[in-house]
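Geometric and topological summary
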Amino acid sequence: MTANIHTNNTDTNNMDTNKVRVLVVDDSALMRKLIPQMLDADQSIQVVGTAMDGTFCLKKIEELRPTVVTLDLQMPGMNGIDTLKEIMRRHPMPVIVVSSHSTEGASITLKALALGAFDFVAKPQDASGHMVETAKELIAKIKAAAVGKIVRPGILPGLAPRPEKISTAKSSPPPSRTVAIGISTGGPQALEFLLPQLPADFPGSILVVQHMPENFTDMFARRLDELCALRVKEARSGDTLQAGRVLVCPGNRHMKVKRLAIGDVVVLNDDERVNGHRPSVDVLFNSAAEEFGPQAIAVLMTGMGDDGAQGLGEVKKAGGMTIAQNEESCVVYGMPKAAVERGYARRVMALDVIAATLQALCGRNEGIGLSSGAGQTARAGR
């Protein structure tokens, strides 16, 4: 995965290097007007052109040399997926997908992320009521894309053929430890790399907060389930924490854990946004620290902003293990950076060694060393 990430080095000859140059691609005349209007609110962004389909998009990339492309996926002629493939082949650059909220939209968006799209923004279902919110999100992601890394699609190294899943028996032992993962921009690609490396008999339970809107998380969990030996599902209130199972927090909900006499369970709620997010990584991490203390493992991975940094500090304070993904393997080094700078990460490591580390920490460490590979794992001070 690390080898497939490249810094955005778009040629900047004859262009205003002080502004992020954006090409807007959408078959809707309304969206070709609306998106530039949204972006005009930020002085550091310049919309250099629009295109109504994939063919025009590729021509305008040659002509205008944008820094970032916003791309609608459902277009006539050359559709968004084919356009994205050609962009990544001819002119690798950050692409922000502008997606519909529908099930079909979620499915095609996840495919686009796997093919190298930087991130996505869901079109507001109620344009009049959520336009300001959508504009703010789009502007933030365009700025992050301009300075972030491009994920080049390719065969991920070191992944064995997926073994059959192990069915859950009621008499199976409880998880050895609880692993809470917080992740945002670049998350789908990172999780599709990380989770398939864990075996079906992984003894820990995994909880994931991925910043993603509702209607997308269920589809994302299903996609991960197809790729992994682990069992992956979108979480529901009352779901028990089980060894070898991954629970993905639903979009627009917060997720906590609760220790009960009958077992450890997930509890979802609709409380106010935290750090501008619902779900929030801080909510999960704080809950894991409170309920599991030194048995908690918190992993903060690629993403914009600082959600999860405070919660990682709470897990550390409670005696749990705290891990931050390192800068070199992050698409956006925001959330992990915030935690590392505050001294909350006990370990800072590359994406490609996190799976082995989790196996060792959770008790399945035959033949696994925590420091396999010079320079791959750096320890942060306690």
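It should be emphasised that the depicted structure is a prediction, and the values quoted were computed from it without experimental measurement.

**Comments concerning the overall build of the protein chain**
Counting secondary structure elements, the protein chain contains 11 helices and 17 strands. In the protein chain, buried positions account for 55% of the 382 residues. Of the roughly 16,200 Å² that the protein chain leaves accessible, carbon and sulfur atoms contribute 49%.

**Here's the deal with the confidence of the model for the protein chain**
Of all residues in the protein chain, 84% have pLDDT values of 70 or greater, and the mean over the chain is 87. Per-residue pLDDT stays below 50 along residues 9-14; that stretch engages in six contacts with residues further than four places along the chain or on separate chains.

**What to know about the packing of helix H6 (residues 187-194) against helix H11 (residues 351-362)**
Where H6 contacts H11, the two axes come as close as 9 Å, and the packing angle between them is 50°. In terms of orientation, H6 lies oblique with respect to H11. As for the relative orientation of H6 and H11, their crossing is right-handed in sense. Of H11, the residues touching H6 (which contributes Ala190, Phe193 and Leu194) are Leu351, Asp352, Ile354 and Ala355. Tallied by class, residues from the contact of H6 with H11 come to six nonpolar, no polar and one charged.

**A closer look at the environment of Leu230**
Mapped onto the elements of the fold, Leu230 is located in the loop between helix H7 (217-227) and strand S10 (231-234). With 28 residues separating them along the chain, Leu230 and Phe202 place their C-alpha atoms 7.7 Å apart. Among residues more than four places away in sequence, those in contact with Leu230 are Lys165, Leu195, Leu198, Pro199, Phe202, Ile206, Asp225, Gly244 and Val246.

**Let's talk about H11**
Over its 12 residues, H11 runs 18 Å from end to end, which matches the ideal 16 Å to within 8%, given 1.5 Å per residue. Most of H11 is tucked away: 10 of the 12 residues are buried. Those residues of H11 that sit buried are Leu351, Val353, Ile354, Ala355, Thr357, Leu358, Gln359, Ala360, Leu361 and Cys362. Two residues or fewer after H11 comes Gly363, characterised by a positive phi angle close to 110°.

**Some details on the environment of Asn215**
With respect to the helices, strands and loops of the structure, Asn215 is situated in the loop between strand S9 (205-210) and H7. On the basis of relative accessible area, Asn215 is assigned to the partly exposed category, the value being 42%.

**Focus on the pattern of salt bridges**
If you walk through the whole model with that rule in mind, you get 17 salt bridges. Its salt-bridge partner being Asp270, residue Arg253 comes within 2.5 Å of it at the nearest N-O pair. A residue pair is termed long-range when its members are at least 10 positions apart, and Arg253 in the loop between strand S11 (245-248) and strand S12 (254-260) and Asp270 in the loop between strand S13 (263-269) and helix H8 (281-292) qualify at 17 residues. Exposure remark for Arg253: the relative accessible area of 27% places this residue in the partly exposed category. Bridged by salt links that share partners, the residues Asp26, Asp72 and Lys123 form one connected network.

**What about the environment of Arg278?**
Positionally, Arg278 belongs in the loop between S13 and H8. On a C-alpha basis, the gap between Arg278 and His254 in space is 5.8 Å, while along the polypeptide they are 24 residues apart. When sequence neighbours within four positions are dropped, the list of residues in contact with Arg278 reads Gly251, Asn252, Arg253, His254, Asp270, Asp271, Glu272 and Arg273. Here the side chain of Arg278 touches Asn252 through a polar contact of 2.9 Å, side chain to side chain. Polar contacts involving the side chain of Arg278 include one to the main-chain carbonyl oxygen of Asp271, which spans 3.0 Å.

**Some words on the side chain of Gln325**
By the element assignment, Gln325 lies in strand S15 (residues 321-325). In this structure the side chain of Gln325 is engaged in a polar contact, spanning 2.8 Å, whose partner is the backbone oxygen of Ser329. When near neighbours in sequence (up to four residues on either side) are disregarded, Gln325 contacts Leu300, Met301, Thr302, Cys330, Tyr333, Pro336, Val348, Met349 and Leu351.

**Structural notes on the packing of H8 against helix H9 (residues 309-317)**
The interhelical angle for the contact between H8 and H9, taken along N-to-C directions, is 10°, at an axis separation of 7 Å. Overall, the two elements H8 and H9 adopt an arrangement that is roughly parallel. Where H8 approaches H9, its residues Asp282, Phe285, Asn286 and Ala289 are matched on the opposing element by Ala309, Gln310, Gly311, Leu312, Glu314 and Val315. Tallied by class, residues from the contact of H8 with H9 come to five nonpolar, three polar and two charged.

**Here we look at the pairing of strand S3 (residues 45-51)**
The sheet contact formed by strand S2 (residues 20-25) and S3 spans six bridges and is parallel. Residue Val20 lies in a different strand from S3, and its bridge partner there is Ile45. Since S2 and S3 lie parallel, the crossover through helix H1 (residues 29-39) that links them has a hand, and here it is right-handed.

**Observations concerning the sheet that holds strand S5 (residues 95-99)**
Working definition: the strands of a sheet are paired by backbone hydrogen bonds and lie parallel or antiparallel to each other. Read from one edge of the open sheet, five strands run S3-S2-S4-S5-S6, paired in parallel fashion. The outermost strands of the open sheet, each flanked by one partner alone, are S3 and strand S6 (119-122). Going from strand to strand, the sheet's axes swing by 25° on average, the running direction of each strand aside. Pairing of S2 with strand S4 (residues 68-72) involves four bridges; the strand directions are parallel.

**Focus on the nonpolar core**
Grouped burial of nonpolar side chains is what soluble globular proteins tend to show. Counting 63 residues, the largest nonpolar core has Leu195 and Ile206 as the members making the most contacts within it. Per-element accounting of this core gives the leading share, seven residues, to H11. Setting aside its immediate chain neighbours within four residues, Ile206 contacts Val179, Ile181, Leu195, Leu198, Leu230, Arg245, Val246 and Leu247. If you look at the next biggest cluster of nonpolar residues, it comprises 29 residues, including Cys249, Met255, Val315 and Ala339.

Each value, and the rule that gives it
Residues numbered from 1 in each chain as written. Predicted model: local features only at pLDDT ≥ 70, side-chain atom pairs only at ≥ 80, totals over all residues. Heavy atoms only, no water. Helix = DSSP H or I, 4+ residues; strand = E, 2+ residues; numbered from the N terminus. Buried < 20%, exposed > 50% of the residue type's maximum accessible area, 1.4 Å probe, protein only. Areas by Shrake-Rupley, 256 points an atom, 1.4 Å probe, with all protein chains shown as cover. pLDDT = per-residue confidence, 0-100. Contact = heavy atoms within 4.5 Å. Axes fitted to C-alpha atoms, helices over the stretch in contact; angles between N-to-C directions. Parallel < 35°, antiparallel > 145°, perpendicular 65-115°, else oblique. Left-handed = near helix turned anticlockwise from the far one by under 90°. Nonpolar A, V, L, I, M, F, W, Y, C, P; charged D, E, K, R; others polar. Expected span 1.5 Å × (residues − 1). Salt bridge = Lys/Arg side-chain N within 4 Å of Asp/Glu carboxyl O. Polar contact = N/O pair within 3.5 Å; in protein donor to acceptor, adjacent residues only side chain to side chain. Pairing = 2+ DSSP bridges. Right-handed = clockwise from strand over helix to strand, strands pointing away. Core = buried A, V, L, I, M, F, W, Y, C linked by side-chain atoms within 4.5 Å.

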